[in-house]
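Structural overview for review
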Amino acid sequence: FASAYVPRATACLKLGKYQNAEDDLTQAIANDPDVPEFYYLRARTREKLNKRADARLDEQHVLDSTPSSAEGWTYRGMIQSAKNPPGALADFDKALVLDPADPLTLYVKGRLLGQTLNRNQEAVKVLDKALTVKPDYHEARATRGLAYAALGDRTLAHKDADAALDGEPTPHMHYQAARVYALTSRRHPADSQYAIVLLARALRNG
């Protein structure tokens, strides 16, 4: 049951058991070698283990293939995001042709548009769709908050940041909310004080 190894690998990653996570993902690939997600996750895991050459091999395996599913195009785009944003955007669009309502694809496309390409108006529209499909997608809501902050809409930015934090009060989400308040502090300096409070909570709790 290849897919069963993935949540266990994810749990191991969160516990810092990187070798266990790699072992699980290697077994998942052995059981089903045609799932791009497995290679993407193993690449991220191998980076934690400083196995950078092996991580690049996993990424290249996905890049060299022609995906046959929306999921395949999405993970291919995620691998391309850092070094080839236009290529990543094209991959996400291909995924959305096959599955226009996939929340993960909408989220990663919105994040790329806003945080990498600085096309924040477009990012908001894409993230709106992700949140229509999955209203409790807190990461997408925080990312939309960053886009609103970049656009200078302080009210909507704070609304998204606060809602994301209420729904997922984790250290990571405290950090995301801190980013939103830090951005709005450029025009409203008092926001920097709360940004520091949020960042301190993120650091203190993990």
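Look up a bit, the structure's there.
Here's a quick rundown of the structure. It should be emphasised that the depicted structure is a prediction, and the values quoted were computed from it without experimental measurement.

Considering the overall build of the chain
On a plain count of helices and strands, the chain comes out with 12 helices and 0 strands. For the chain, the sequential pattern of α-helices and β-strands runs α-α-α-α-α-α-α-α-α-α-α-α. In terms of overall size, the chain behaves like a compact globule, its C-alpha atoms giving a radius of gyration of 18 Å where 206 residues would be expected to give roughly 17 Å. Structurally, the chain occupies a C-alpha span of about 55 × 40 × 30 Å along its principal axes. Within the span of the chain, comprising 206 residues, buried residues form 46% of the whole. Carbon and sulfur atoms provide 52% of the accessible area of the chain, an area that totals close to 10800 Å².

Focus on the side chain of Glu59
The residue Glu59 is located in helix 4 (residues 52-63) in this model. For Glu59, the side chain forms a polar contact with the side chain of Arg44, separated by 2.2 Å.

Things to note about a nonpolar patch on the surface
A surface patch of nonpolar side chains, amounting to about 310 Å² of accessible area, comprises Tyr175, Leu199 and Leu203. For Leu203, the location among the structural elements is in helix 12 (residues 191-204).

Considering unusual backbone geometry
If you check the backbone angles, Asn50 has positive phi at about 60° while not being a glycine. Judged by relative accessible area, Asn50 falls into the exposed class, the value being 53%. In this structure, Asn118 is a non-glycine residue whose phi angle is positive, near 55°. Inspection of the secondary structure puts Asn118 in the loop between helix 7 (103-116) and helix 8 (120-133).

A short note on the packing of aromatic side chains
Summed over all chains, the structure comprises 3 aromatic pairs. Pairing Tyr107 with Tyr137 gives two aromatic rings, centres 5.3 Å apart and planes at 45°, and the pair type is tilted. Residue Tyr107 is located in helix 7, and its partner Tyr137 is located in the loop between helix 8 and helix 9 (138-151); the two are separated by 30 residues in the primary sequence. For Tyr137, a relative accessible area of 13% corresponds to the buried category. Note on Tyr181 and Tyr194: the rings are 4.8 Å apart at their centroids and 85° apart in plane angle, and the pair reads as edge-to-face. Remark: Tyr194 occurs in helix 12 and Tyr181 occurs in helix 11 (residues 171-184); sequence separation between them is 13 residues. A relative accessible area of 8% means that Tyr181 is categorised as buried. On the basis of relative accessibility, which here comes to 30%, the residue Tyr194 falls in the partly exposed class.

Some details on the pattern of salt bridges
Scanning all chains against the criterion turns up 16 salt bridges. Look at the salt bridges and you will find they share partners, linking Glu22, Arg42, Arg46, Lys51 and Asp58 into a network.

So, the environment of His61
Its place among the elements puts His61 in helix 4. Each C-alpha atom, one on His61 and one on Phe38, is 11 Å from the other, the two residues being 23 residues apart in sequence. Residues contacting His61, with those up to four places away along its chain left out, are Pro33 and Tyr39.

Points about the packing of helix 6 (residues 85-98) against helix 7
Orientation of helix 6 relative to helix 7, taken along the N-to-C sense of each, is 155°, at an axis distance of 10 Å. Taken as axis vectors, helix 6 and helix 7 run roughly antiparallel relative to one another. Along this stretch, helix 6 crosses helix 7, giving a crossing that reads as left-handed. Here Pro85, Ala88, Leu89, Phe92, Asp93, Ala95 and Leu96 of helix 6 come into contact with helix 7, specifically with Thr105, Leu106, Val108, Lys109, Leu112, Leu113 and Thr116.

Conventions we followed
Residues numbered from 1 in each chain as written. Predicted model: local features only at pLDDT ≥ 70, side-chain atom pairs only at ≥ 80, totals over all residues. Heavy atoms only, no water. Helix = DSSP H or I, 4+ residues; strand = E, 2+ residues; numbered from the N terminus. Rg over C-alpha atoms; globule rule 2.2 N^0.38 Å. Buried < 20%, exposed > 50% of the residue type's maximum accessible area, 1.4 Å probe, protein only. Areas by Shrake-Rupley, 256 points an atom, 1.4 Å probe, with all protein chains shown as cover. Polar contact = N/O pair within 3.5 Å; in protein donor to acceptor, adjacent residues only side chain to side chain. Patch = residues over 30% accessible without salt bridge, like charges linked within 9 Å, V, L, I, M, F, W, Y side chains within 5 Å. Salt bridge = Lys/Arg side-chain N within 4 Å of Asp/Glu carboxyl O. Phe/Tyr/Trp six-rings, centres within 6.5 Å; stacked < 30°, edge-to-face > 60°. Contact = heavy atoms within 4.5 Å. Axes fitted to C-alpha atoms, helices over the stretch in contact; angles between N-to-C directions. Parallel < 35°, antiparallel > 145°, perpendicular 65-115°, else oblique. Left-handed = near helix turned anticlockwise from the far one by under 90°.

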